[in-house]
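One-letter residues, chain by chain:
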Amino acid sequence: MSRDRAPRTVRTVLGDVPPAELGVCNAHDHLFFSSPRLPGQELRDAGAATAELAAFGAAGGGSVAQWTPYGLGRRAADLPLLARAAGVHVVAATGLHQAVHYAPEVLDRLRGGLADVFVSELTEGLATSGVRAGFIKVAGGFHALDAHARWTMTAAAEAHHATGAPIAVHLELGTGALDVLDLLCGELGVAPGSVILGHLNRSPDPVVHRQAAESGAYLAFDGPSRANHATDWRMPDAVRDLADAGFGDRLLLGGDTTTAAARSVNGGPGMPYLLRRVRPRLELALGSELVERVLTANPQRAYAVGWTWIHGQQ
């Protein structure tokens, strides 16, 4: 079946579902995350992850996209258990983060076969878990794309063309959006509507935001964060400017919880903050109807795919 004719579904850890089943979506967050670059800040506790997901559900949330890629403690086999216990859909990621997050031998092992890893995790399952990823997460550098970023994005584009999966991009401190679009959409032929640019709140440049939105890519604003508090407060203005310019259908919102201390169950803002504080703040700037679309219709489109058959499997 061709991708154009295939029904568009979102690939969650419990299986493919119609986009509308996502409900209110936290479009960028983490239930589990572990990196040698961030010792002592790991998200490893399954009980805390379940409680955090349940707290998001109790606040009205229906789904979470977990942007934790290959090799960073995704705990894929636990994700269906969490989703069932909390009653919240979870969309898992394949992909690869910046090189600094991995031991050199891990990257060496992936040379020559990275796209195959992504395709396998999208169509067969993450490692041996049988839990399939629903999108690909890669990362740029600070105002530039190094050789690692080009390698991972080239592999992501190849996997996208094989499966239809969207590509979500960590922008380092919110920078490099236009370079990413030039590579993915210009050189590698990925449709802009299949690209999600993350962390744009960390670099509140209205000109770059407008240019990125004009491409047709999705723009994700996430937080709050201690490290980026200096720009977090500008997010409502940035989102309003884009909406006023006619790009309300390109906007996504997420929480990006990356440390145990940031979880609401540990006294931090956590996932519920997106609905408890960010939503009403944005409703003052944009109106409730548009904010509702940003939290529901936009992520439902961004993560929905007419999945392509690969080697006899969908």
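Quantities reported herein were computed from a predicted structural model and do not represent experimental measurements.

### A word on the overall build of the chain
Okay, step 1: Of regular secondary structure, the chain possesses 12 helices and 11 strands.
Okay, step 2: Considering only C-alpha atoms, the chain reaches an extent of 50 × 40 × 40 Å along its principal axes.
Okay, step 3: Residue burial in the chain is summarised as follows: out of 314 residues, 57% are buried.
Okay, step 4: Across the chain, every contact between residues at least 6 apart in sequence was considered, and the portion connecting residues at least 24 apart equals 76%.
Okay, step 5: When the accessible surface of the chain is split by element, carbon and sulfur atoms take 52% of a total near 12,300 Å².
Okay, step 6: Distance from the positive charge centre (27 side chains) to the negative charge centre (31 side chains) of the chain: 3 Å.

### Observations concerning unusual backbone geometry
Okay, step 1: Here the phi dihedral of Arg75 falls at roughly 50°; this positive angle occurs in a residue that is not glycine.
Okay, step 2: With respect to the helices, strands and loops of the structure, Arg75 is situated in the loop between strand 4 (63-66) and helix 2 (79-86).
Okay, step 3: Phi is positive for Leu173, which is not a glycine, with a value near 50°.
Okay, step 4: In this structure, Leu173 sits in the loop between strand 8 (167-170) and helix 6 (177-187).

### Notes on the packing of helix 6 against helix 7 (residues 206-215)
Okay, step 1: Between helix 6 and helix 7, whose axes approach to 9 Å, the crossing angle comes to 20°. When the axis of helix 6 is compared with that of helix 7, the two are roughly parallel. Helix 7 is crossed by helix 6, and the crossing has left-handed handedness. In this structure, helix 6 uses Ala177, Leu178 and Leu181 to contact helix 7, whose residues at the interface are Val208, Gln211, Ala212 and Ser215.
Okay, step 2: Its residues assigned to classes, the contact of helix 6 with helix 7 shows five nonpolar, two polar and no charged.

### Here's the deal with the confidence of the model for the chain
Okay, step 1: Looking at the chain as a whole, the pLDDT averages 93, with 96% of positions reaching at least 70.
Okay, step 2: Contacts for the low-pLDDT stretch residues 310-314, under 50 throughout, to residues beyond four places or in other chains number 14 contacts.

### Comments concerning the pairing of strand 8
Okay, step 1: The alternating pattern of strand 8 places Ile167 and Val169 and Ala168 and His170 on opposite faces, both of which are buried.
Okay, step 2: Inspection of the sheet shows strand 7 (residues 135-139) paired to strand 8 by four bridges, in the parallel sense. Of the residues in strand 8, the one forming a bridge with Ala139 is His170.
Okay, step 3: Crossover strand 7 to strand 8 through helix 5 (residues 147-163) is right-handed.
Okay, step 4: In this structure, strand 8 lies alongside strand 9 (residues 195-198), joined through four bridges in parallel fashion. Counted as the bridge partner of His170 is Gly198 from strand 9.
Okay, step 5: Each parallel crossover has a hand, and for strand 8 linked through helix 6 to strand 9 it is right-handed.

### So, the environment of Tyr102
Okay, step 1: Examined against the element boundaries, Tyr102 turns out to sit in the loop between strand 6 (93-95) and helix 3 (104-110).
Okay, step 2: Under the relative-accessibility criterion, Tyr102 is labelled buried at 8%.
Okay, step 3: Sequence-distant contacts of Tyr102, defined by excluding residues within four places in its chain, comprise Pro69, Tyr70, Gly71, Leu72, Leu96, His97 and Leu107.
Okay, step 4: There is a polar contact of 3.0 Å between the side chain of Tyr102 and the backbone nitrogen of His97.

Calculation criteria
Residues numbered from 1 in each chain as written. Predicted model: local features only at pLDDT ≥ 70, side-chain atom pairs only at ≥ 80, totals over all residues. Heavy atoms only, no water. Helix = DSSP H or I, 4+ residues; strand = E, 2+ residues; numbered from the N terminus. Buried < 20%, exposed > 50% of the residue type's maximum accessible area, 1.4 Å probe, protein only. Contact = heavy atoms within 4.5 Å. Areas by Shrake-Rupley, 256 points an atom, 1.4 Å probe, with all protein chains shown as cover. Lys, Arg positive; Asp, Glu negative; His and termini not counted. Charge placed at Lys NZ, Arg CZ, Asp CG, Glu CD. Axes fitted to C-alpha atoms, helices over the stretch in contact; angles between N-to-C directions. Parallel < 35°, antiparallel > 145°, perpendicular 65-115°, else oblique. Left-handed = near helix turned anticlockwise from the far one by under 90°. Nonpolar A, V, L, I, M, F, W, Y, C, P; charged D, E, K, R; others polar. pLDDT = per-residue confidence, 0-100. Pairing = 2+ DSSP bridges. Right-handed = clockwise from strand over helix to strand, strands pointing away. Polar contact = N/O pair within 3.5 Å; in protein donor to acceptor, adjacent residues only side chain to side chain.

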